[in-house]
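Listed here are the chains, written in short residue letters.
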Amino acid sequence: DTEVTQTPKHLVMGMTNKKSLKCEQHMGHRAMYWYKQKAKKPPELMFVYSYEKLSINESVPSRFSPECPNSSLLNLHLHALQPEDSALYLCASSQDPAHPYNEQFFGPGTRLTVL
Amino acid sequence: AQTVTQSQPEMSVQEAETVTLSCTYDTSENNYYLFWYKQPPSRQMILVIRQEAYKQQNATENRFSVNFQKAAKSFSLKISDSQLGDTAMYFCAFMKQAGNTPLVFGKGTRLSVIA
């Protein structure tokens with residue numbers, strides 16, 4: 001298995017809803033990433049997990065809450081989002097955080113719309 | 001901090017022709033990696049080619065090759081024999097040679113291959 005999967009593909013939610021995005025990989029990778037991508041813009045890093053511990057939080061608002069229950073799974077819990085949070089959310093993984101070269105493999109993304 | 005600049009927001013090329021996408025970067029690091037990612041309308045970010053800064057030889061992958069000029073901090077992508085499936089957003093990205101460091105992306109170049 002050489003891919004990163006993300007569910008759901010599309011999500012529409014209201015500003016008072018609570019929802020979660022899921023990312024999974026079975027490549028034995030020990031680093032996982034969440035990116036946010038607005039239309040026609042590059043991905044912006046949100047969070048990095050290294051060996052299931054949060055290692056980077058790029059000053060992301062608390063309405064986004066990441067979770068890494070195990071080395072294969074990464075969740076992003078969403079609560080009280082704003083319409084400007086509508087974007088494509090990309091998950092990525094890489095093999096070994098301690099290794100100097102860490103190619104990142106991306107999932108297909110979840111298209112989020114906040115009404 | 002590292003920055004990546006792609007000065008061509010949009011480009012087009014006739015099928016079977018050759019096109020070159022530009023990328024410059026700024027860093028004080030001596031050891032790093034450079035990447036070109038492709039993001040077609042299907043949204044999946046796919047690694048096209050990578051270059052290790054310590055290697056003088058330019059990387060090639062089938063129809064894709066780079067012109068890496070370390071002193072000039074330039075990293076252009078040449079696509080030969082362009083195909084309709086090459087239509088996508090192309091992002092140039094930089095990564096320090098250290099474990100678990102994030103990718104720094106350029107703003108992207110939208111390439112259209114015309115039949």
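Before reading on, note that the structure itself is shown above.
The structure reproduced in this document is the subject of the present report. Treat the numbers as computed from the prediction; the structure is a model and nothing was measured. Here the residue numbering is sequential within each chain, running from 1 through the sequence in written order. Each chain takes a letter, starting from A, and each ligand takes a number, starting from 1, following the order in which they are written. Local features in this predicted model are restricted to residues whose pLDDT is 70 or higher, and side-chain atom pairs enter the listing and the counts only when it is 80 or higher, whereas totals over whole chains, interfaces and linings include all residues. To get the side-chain values, take all heavy atoms of the structure and skip hydrogens and water.

Observations regarding the pattern of salt bridges
Only one rule defines a salt bridge in this text: a Lys or Arg side-chain nitrogen within 4 Å of an Asp or Glu carboxyl oxygen. Applying the stated criterion to the full structure yields 9 salt bridges over all chains. For Arg50 of chain B, the salt bridge is made with Glu52 of chain B, and the minimal N-O distance between the two is 3.8 Å. Through salt bridges that share partners, Glu103 of chain A together with Arg50, Glu52 and Lys55 of chain B make up one connected network.

Structural notes on the environment of Ser28 of chain B
Here Ser28 of chain B is to be found in the loop between strand E4 (24-26) and strand E5 (32-39). C-alpha of Ser28 of chain B to C-alpha of Phe105 of chain B: the two residues are 77 residues apart in sequence and 17 Å apart in space. By definition, any uninterrupted DSSP run of H or I lasting at least four residues is a helix, any uninterrupted run of E lasting at least two residues is a strand, and each is numbered from the N terminus.

Topic: the pairing of strand E11 (residues 110-114) of chain A
Residue and element names in this part refer to chain A. When accessible area is computed with a 1.4 Å probe and restricted to protein chains, residues below 20% of their type maximum are described as buried, those above 50% as exposed, and intermediate ones as partly exposed. Side chains Thr110, Leu112 and Val114 project from E11 onto a buried face, and the interleaved Arg111 and Thr113 project onto a face without burial. In the sheet, strand E9 (residues 87-94) pairs with E11 via 3 bridges, with the strands oriented antiparallel. Each residue of the ladder has a partner; that of Ala87, found in E11, is Leu112. We treat two strands as partners when DSSP finds at least two bridges between them.

Thoughts on the nonpolar core
To qualify as a nonpolar core, a set must consist of buried Ala, Val, Leu, Ile, Met, Phe, Trp, Tyr and Cys residues joined through side-chain atoms within 4.5 Å. Judged by nonpolar contacts, the single largest core of 25 residues is most densely connected at Tyr25, Trp36, Phe75, Leu77 and Tyr90 of chain B. Taken together, the elements giving at least two residues each to this core come down to strand E3 (19-21), E5, strand E6 (46-52), strand E8 (64-69), strand E9 (74-79), strand E10 (88-96) and strand E12 (109-114) of chain B. The element best represented in this core is E10 of chain B, accounting for 4 residues. Once residues lying within four places of it in the same chain are set aside, the contact partners of Phe75 of chain B are Cys23, Tyr25, Leu34, Phe35, Trp36, Gln51, Val66, Asn67, Phe68 and Cys92 of chain B. With 22 residues, the next largest nonpolar core counts Met46, Tyr49, Val60 and Leu74 of chain A among its residues. When checking whether two residues touch, look at their non-hydrogen atoms; a contact exists if any pair is within 4.5 Å.

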